[in-house]
Amino acid sequence: MVHFTTEEKAAVASLWAKVNVEVVGGESLARLLIVYPWTQRFFDSFGNLCSESAIMGNPKVKAHGRKVLNSFGNAIKHMDDLKGTFADLSELHCDKLHVDPENFRLLGNMILIVLATHFSKEFTPQMQAAWQKLTNAVANALAHKYH
Amino acid sequence: MLSAQERAHIAQVWDLIAGHEASFGAELLLRLFTVYPSTKVYFRHLGDQPDEVQLLSHGQRMLQAVGVAVQYMDNLHAVLSPLADLHAQVLRVDPTNFPLVIQCFQVVLASHLQGEYTVEMQAAWDKFLTGVAVVLTEKYR
């Protein structure tokens, strides 16, 4: 089980309070689909993903990005039991959605880069470390029920 | 293969780094060591707790090499050959570490350029640095 220190929890929470979930979520997912185009394979039903501007402006991408980042909000409330928190979502991503867990790690990396663009100097190395630990742990939790 | 647009994005971002290789490089290393402490095993020569002077010095060397790669984007194999030899014979950095450096590089660029760090720039730099990593490890075996 991943253990987060008091400092790591505080760092994550302090930044989370200022995050615009819709903007950061939408942008993170859009960047994933653009920087790693093969990830588009899971989003055939999302409509126009033909160009960078189409992806960045796609309302389904934004909506799904917001949904994904909202689940991070839930993760932050349950940092001591991420596997339990994400058990159902893990089964869903394995059994119904058939998503390679590597994608969870890639999306986590995108979230960090987007946070860095928004928070700049405030996104210190220590802040980056805490968030990287969180996104890695969420990715692992999402992969935990795969079979 | 990098498209003309990708090359332009790479060069445009590099213009902001050129002349500041030391500070960007130091920040890259500091983030790398903080976020991925296991990478420090490859930098024992900098000591247990590298100080700012060492980070600036080594960071500058690394970023200057990136600058050379930017200048000769079309001929990475030739221009990075000595560094490829070094990594294969002496440094022997496990290839799984290069994505970690690239992630930290992206965070450095993103935090400095903020809203101006477009997805096109991010994609071009990801592709470019991944290509550099491939060349640096291609003589491993």
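Refer to the preceding data block for the structure.
Residues numbered from 1 in each chain as written. Chains lettered and ligands numbered in written order. Predicted model: local features only at pLDDT ≥ 70, side-chain atom pairs only at ≥ 80, totals over all residues. Heavy atoms only, no water.

Caption draft 1: Main features of the overall build of chain A. A tally of helices and strands in chain A yields eight helices and zero strands. The secondary structure elements of chain A, listed N-terminal to C-terminal, are α-α-α-α-α-α-α-α. Relative to its length of 147 residues, chain A is compact, with a C-alpha radius of gyration of 15 Å against a globular reference of 15 Å. Counting only C-alpha atoms and orienting by the principal axes, one finds that chain A spans roughly 45 × 40 × 20 Å. Burial status across chain A gives 52% buried among its 147 residues. Restricting the contact set of chain A to residue pairs at least 6 apart, pairs at least 24 apart contribute 74%. For chain A, the computed accessible surface area is about 7100 Å², with 55% contributed by carbon and sulfur atoms. Between the averaged position of the 15 positive side-chain charges in chain A and that of its 14 negative side-chain charges there is a distance of 3 Å. (Helix = DSSP H or I, 4+ residues; strand = E, 2+ residues; numbered from the N terminus. Rg over C-alpha atoms; globule rule 2.2 N^0.38 Å. Buried < 20%, exposed > 50% of the residue type's maximum accessible area, 1.4 Å probe, protein only. Contact = heavy atoms within 4.5 Å. Areas by Shrake-Rupley, 256 points an atom, 1.4 Å probe, with all protein chains shown as cover. Lys, Arg positive; Asp, Glu negative; His and termini not counted. Charge placed at Lys NZ, Arg CZ, Asp CG, Glu CD.)

Caption draft 2: Layout of the nonpolar core. If you look at the biggest cluster of nonpolar residues, it comprises 95 residues, and the most contacted ones within it are Phe123, Trp131 and Leu134 of chain A together with Trp125 and Phe128 of chain B. Residues within four places of Leu134 of chain A in sequence aside, it is in contact with Phe4, Val12, Phe72, Ile76, Met79 and Leu82 of chain A. (Core = buried A, V, L, I, M, F, W, Y, C linked by side-chain atoms within 4.5 Å.)

Caption draft 3: Highlighting the interface of chain B and chain A. At the interface, 21 residues of chain B touch 21 residues of chain A. Roughly 1800 Å² of surface becomes buried between chain B and chain A when both sides are summed, with 58% attributable to carbon and sulfur atoms. On the chain B side of the contact with chain A, Gln103, Val119 and Gln122 of chain B bury the most area, a combined 29% of that side's loss. The tally of links between chain B and chain A comes to zero salt bridges. Elements represented by at least two residues in the side of chain B that touches chain A include exactly helix H2 (21-35), helix H6 (98-113) and helix H7 (119-137) of chain B. The biggest single contributor to the side of chain B that touches chain A is H6 of chain B, with seven residues. Of the residues belonging to the side of chain B that touches chain A, the class tally is nine nonpolar, nine polar and three charged. (Buried area = accessible area lost by both parts, 1.4 Å probe. Salt bridge = Lys/Arg side-chain N within 4 Å of Asp/Glu carboxyl O. Nonpolar A, V, L, I, M, F, W, Y, C, P; charged D, E, K, R; others polar.)

Caption draft 4: View of the environment of Tyr140 of chain B. Residue and element names in this part refer to chain B. The residue Tyr140 is located in the segment after H7 in this model. Tyr140 sits in the partly exposed class, given a relative accessible area of 25%. In sequence terms Tyr140 and Val93 are 47 residues apart; their C-alpha atoms lie 9.6 Å from each other. If we skip the residues at most four places from it in the chain, Tyr140 touches His87, Ala88, Arg92, Val93, Pro95 and Phe98. Separated by 2.6 Å, the side chain of Tyr140 and the backbone oxygen of Val93 make a polar contact. (Polar contact = N/O pair within 3.5 Å; in protein donor to acceptor, adjacent residues only side chain to side chain.)

Caption draft 5: Spatial organisation of helix H1 (residues 4-17) of chain B. Residue and element names in this part refer to chain B. The end-to-end C-alpha distance of H1 is 20 Å, a good match for the 20 Å that 14 residues give at a rise of 1.5 Å each. Listed in full, the buried residues belonging to H1 are Glu6, Ile10, Val13, Trp14 and Ile17. Projected down its long axis, H1 shows its buried positions confined to an angular sector of 105°, all on one face. Residues of H1 that are exposed and point over 90 degrees away from its buried face: Ala4, Gln5 and Asp15. Where H1 ends, the next residue or the one after it, Gly19, has phi of about 95°, a positive value. (Expected span 1.5 Å × (residues − 1). Arc of directions from axis to C-beta.)

Caption draft 6: Just the environment of Val108 of chain B, in detail. Residues and elements named next belong to chain B. By the secondary structure assignment, Val108 is in helix H6. We classify Val108 as buried; its relative accessible area is 3%. Placed 47 residues apart in sequence, Val108 and Arg61 show a C-alpha to C-alpha distance of 17 Å. The residues contacting Val108, other than those within four sequence positions of it, are Phe24, Glu27, Leu28 and Arg31.

Shape descriptors only; they carry no functional weight alone.
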